[in-house]
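Topology and contacts: notes
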Amino acid sequence: MSSYKEELRKDRAARAEQERADRLAEAEQRRRDREAEAEQRRKDAAAAKAEARKDQREREARKAARKAARQAAVKAVAATVGENKVALSIYSIALVSFVMSAPAMAAYGDRIYAGSAWAFTGWLLPVVTELSMWACAFAVHHRRRTAPRASVFWLQVGVALATALAAGLNAMKGITVGWDASVVMGVVSIAGVLLHQMAVAGQPRSKAERAEAVIARRAARKVEKAREAAIADAAVEITADGTARLVFEPGIYRLGRDRGPRLRPTVNPLDRPGPRDVMDDEIAALIAAETARAEQRDEPDGGGVATAEPPRPETPSRSNRPAETGHRGGRPTRPWDALRAEFEALLQTQPEAARWSARRIARELRCGKDKAARLRDEFNTSIRRKGDR
């Protein structure tokens, strides 16, 4: 019995100890929870403060940006006003002129068209009288700003006609009151446009600028005519499938005027033959023939004695090439095939000879400059045709 009571007492003590440990654990957990909640609240408060500071900085930055934008806009407006003080003053006068003239013309139009079925159209009379001259004035201004070299003559004619129309109709409206009213209304209606043309649309160009513009227009017209003439004179290449292509021949040309624009080839002054260069090839061939005959006289012929031919007048030597067959004017000359072969041989050693002047080629081949130019042009033409193929 005593053992049972002892065990019962131990069980109650153990339960009490366990309950005490549980209460301590719960108290410790509550303490930890409170500390965690307090830490979270501190973190949330710190984050809220940081977000608030960030929002404040952003608001201040936006405010500063708006202030800077306003200041920049004010400065831009002030600069624009400073640069266009004359234009703003003229446009203010023009606005006053329009405000004074438009209602008068509207009333005048309404009185004139009062008896018609479309009486309300009389109120549109200021569109014809006031806006038409302003449209022409703005066209002159735009043309002079966007295309300074372009002519504004016909636009100025339009401005003159429109201002004359507006002044006349306003004067007719004012004559019903009196001559002074007629003059005042006519002047007021066109004052804005006249001031705009004189002060804003631009001053007339100087004499040098007008002369330069005339020269530029003439050059443009000549270039256009030259292109038309080149198209008219161009050869047409037809391929196997029937496709047509224009083939132009590069060179230096002059425009002819007989029966429309035509191209006439011209010769470079450096390539024109001089007064004595036409006979260069004949003289060179004659000298070469004399040299060949002298060599034949010096050679022994079957042990006999060589006989000397009577001497001939010497000619200044310009070539040591042997004479070829053929005669021109009673004197031996080199055939064209021989000249072509010599030029091809020259091109093999010096390919840049195709770009030489006729004078230099003639000096190398000892021939006339006209033949040298013909050889060069023939070779370049053949090269271009091979490239086109």
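Report on the accompanying structure. Every chain begins its residue count from 1, and numbering advances along the sequence as written. Since the coordinates come from a predicted model, pLDDT governs what is reported: local features require at least 70, and pairs of side-chain atoms require 80 or more to be given and counted, while whole-chain, interface and lining totals use all residues. Working from all heavy atoms in the structure, the side-chain values ignore hydrogens and water.

So, on to the overall build of the protein chain. Scanning the protein chain from terminus to terminus reveals 10 helices and six strands. Three labels apply to residues, based on accessible area from a 1.4 Å probe with only protein chains included: buried if under 20% of the type maximum, exposed if over 50%, partly exposed otherwise in between. Burial statistics for the protein chain: of 389 residues in total, 23% are counted as buried. Put simply, 56% of the contacts in the protein chain that link residues at least 6 apart link residues at least 24 apart. All accessible-area figures derive from a Shrake-Rupley calculation using a 1.4 Å probe, and residue coverage is judged against the displayed protein chains alone. Approximately 28000 Å² of the protein chain is accessible, and the part contributed by carbon and sulfur atoms is 59%. We count a stretch as a helix when DSSP gives it H or I for four or more residues in a row; a strand needs E for two or more, and each element gets its number in order from the N terminus. Contacts were defined at the residue level, with two residues in contact if any of their heavy atoms lie within 4.5 Å.

It is worth spelling out the side chain of Ser189 at this point. Examined against the element boundaries, Ser189 turns out to sit in helix H5 (residues 179–199). Ignoring anything within four residues of it in the chain, the contact list for Ser189 reads Ser97, Ser101, Glu130, Met133, Ala166, Ala167 and Asn170.

Note on definitions: salt bridges are taken to be side-chain nitrogens of Lys or Arg within 4 Å of carboxyl oxygens of Asp or Glu. The final tally for this structure, using the stated rule, is 12 salt bridges. Between Arg30 and Glu26 there is a salt bridge whose closest N-O contact spans 4.0 Å. Of this pair, Arg30 and Glu26 both sit in helix H1 (residues 2–83), four residues apart, which is roughly one turn of the helix. Looking at Glu26, the relative accessible area reads 46%, which means it is partly exposed. Linking Arg340 and Asp337 is a salt bridge whose minimum nitrogen-to-oxygen distance equals 2.9 Å. Of this pair, Arg340 and Asp337 both sit in helix H8 (residues 336–349), three residues apart, which is roughly one turn of that helix. According to the relative accessible area criterion, Asp337 is exposed, its value standing at 54%. Among the ionic contacts, a cluster of salt bridges with common partners joins Glu28, Arg31, Arg32 and Glu35.

Attention now goes to unusual backbone geometry. Despite not being glycine, Arg366 shows a phi value in the positive range, around 60 degrees. Within the secondary structure, Arg366 is located in the loop between helix H9 (358–365) and helix H10 (369–388). Using a relative accessible area of 33% as the deciding quantity, one classes Arg366 as partly exposed.

This part takes up the nonpolar core. Residues Phe343, Leu346, Ile361, Leu365, Ala372 and Leu375 are the most contacted members of the largest nonpolar core, which totals 16 residues. When residues of this core are traced back to their parent elements, those giving at least two are H8, H9 and H10. By residue number, the principal contributor to this core is H8, which donates five residues. Setting aside residues up to four positions removed in sequence, Leu375 forms contacts with Trp336, Leu339, Arg340, Phe343 and Leu365. What is meant by a nonpolar core is a set of buried Ala, Val, Leu, Ile, Met, Phe, Trp, Tyr and Cys residues, joined one to another through side-chain atoms within 4.5 Å.

This next bit is on the pairing of strand S1 (residues 235–238). The pairing of S1 with strand S2 (residues 244–247) spans four bridges and is antiparallel. Bridge pairing links Val236 to Leu246 in S2. Here S1 folds back onto S2 in antiparallel fashion, the turn holding five residues, of which Gly242 has a positive phi close to 90 degrees. We treat two strands as partners when DSSP finds at least two bridges between them.

Centre distance within 6.5 Å is the pairing criterion for rings of Phe, Tyr and Trp, where only the six-membered ring of Trp is used; planes under 30 degrees apart are then read as stacked, over 60 as edge-to-face, and the remainder as tilted. With the rule as written, the count across this model stands at four aromatic pairs. Ring geometry for Phe153 versus Trp154: centroids 5.1 Å apart, planes at 75 degrees, classification edge-to-face. Given a relative accessible area of 67%, Trp154 falls into the exposed group. Grouped by ring-pair contacts, the aromatic residues Tyr91, Trp134 and Phe138 constitute a single cluster. Here the guanidinium or amino end of Arg360 rests over the ring plane of Trp356, the centre of that ring lying 3.7 Å away. Sitting over a ring, as applied to charges here, requires NZ of Lys or CZ of Arg to be within 6 Å of the ring centre and within 35 degrees of the ring normal.

Next up on the list: the environment of Cys136. For Cys136, the position within the fold is in helix H3 (residues 125–146). Linking Cys136 and Ala160, residues 24 residues apart in sequence, is a C-alpha distance of 9.0 Å.

A word on the packing of helix H4 (residues 153–175) against H5. To define axes, lines are fitted to C-alpha atoms, for helices over the stretch in contact only, and angles between the resulting N-to-C directions are given on a 0 to 180 degree scale. Look at H4 against H5: their axes get within 6 Å of each other, and the N-to-C directions meet at 155 degrees. One element, H4, and the other, H5, form an angle in the roughly antiparallel class. Of the two elements, H4 crosses H5, and the hand of that crossing is right-handed. Each of Val159, Thr163, Ala166, Ala167, Asn170, Ala171, Lys173, Gly174 and Ile175 in H4 lies in contact with H5, whose residues at this interface are Trp179, Ala181, Ser182, Met185, Gly186, Ser189, Ile190, Val193 and Gln197. Under the scheme applied here, ten amino acids are nonpolar (Ala, Val, Leu, Ile, Met, Phe, Trp, Tyr, Cys and Pro), four are charged (Asp, Glu, Lys and Arg), and all others, including Gly, are polar. Tallied by class, residues from the contact of H4 with H5 come to 10 nonpolar, seven polar and one charged. The labels follow the angle: roughly parallel below 35 degrees, roughly antiparallel above 145, roughly perpendicular from 65 to 115, and oblique for the rest. A crossing counts as left-handed when the near helix is turned anticlockwise from the far one by less than a right angle, and as right-handed when that turn is clockwise.

Further remarks concern a nonpolar patch on the surface. Only residues whose relative accessible area exceeds 30% and that form no salt bridge are eligible for patches; like-charged ones are grouped when within 9 Å, while nonpolar side chains (Val, Leu, Ile, Met, Phe, Trp, Tyr) are grouped when within 5 Å. Residues Leu124, Val127, Val128, Leu131 and Leu165 make up a contiguous nonpolar surface patch of roughly 410 Å² in combined accessible area. With three residues, the single largest contributor to the nonpolar patch is H3. Tracing the sequence through the fold places Leu165 in helix H4.

The subject of this paragraph is a positive patch on the surface. Judged by side-chain charge, Lys49, Arg53, Lys54 and Arg57 come together as a positively charged surface patch. Locating Arg57 in the fold gives a position in helix H1. Under this rule, positive means Lys or Arg and negative means Asp or Glu; His and the chain ends count for nothing. Lys charges are placed at NZ, Arg charges at CZ, Asp charges at CG and Glu charges at CD.

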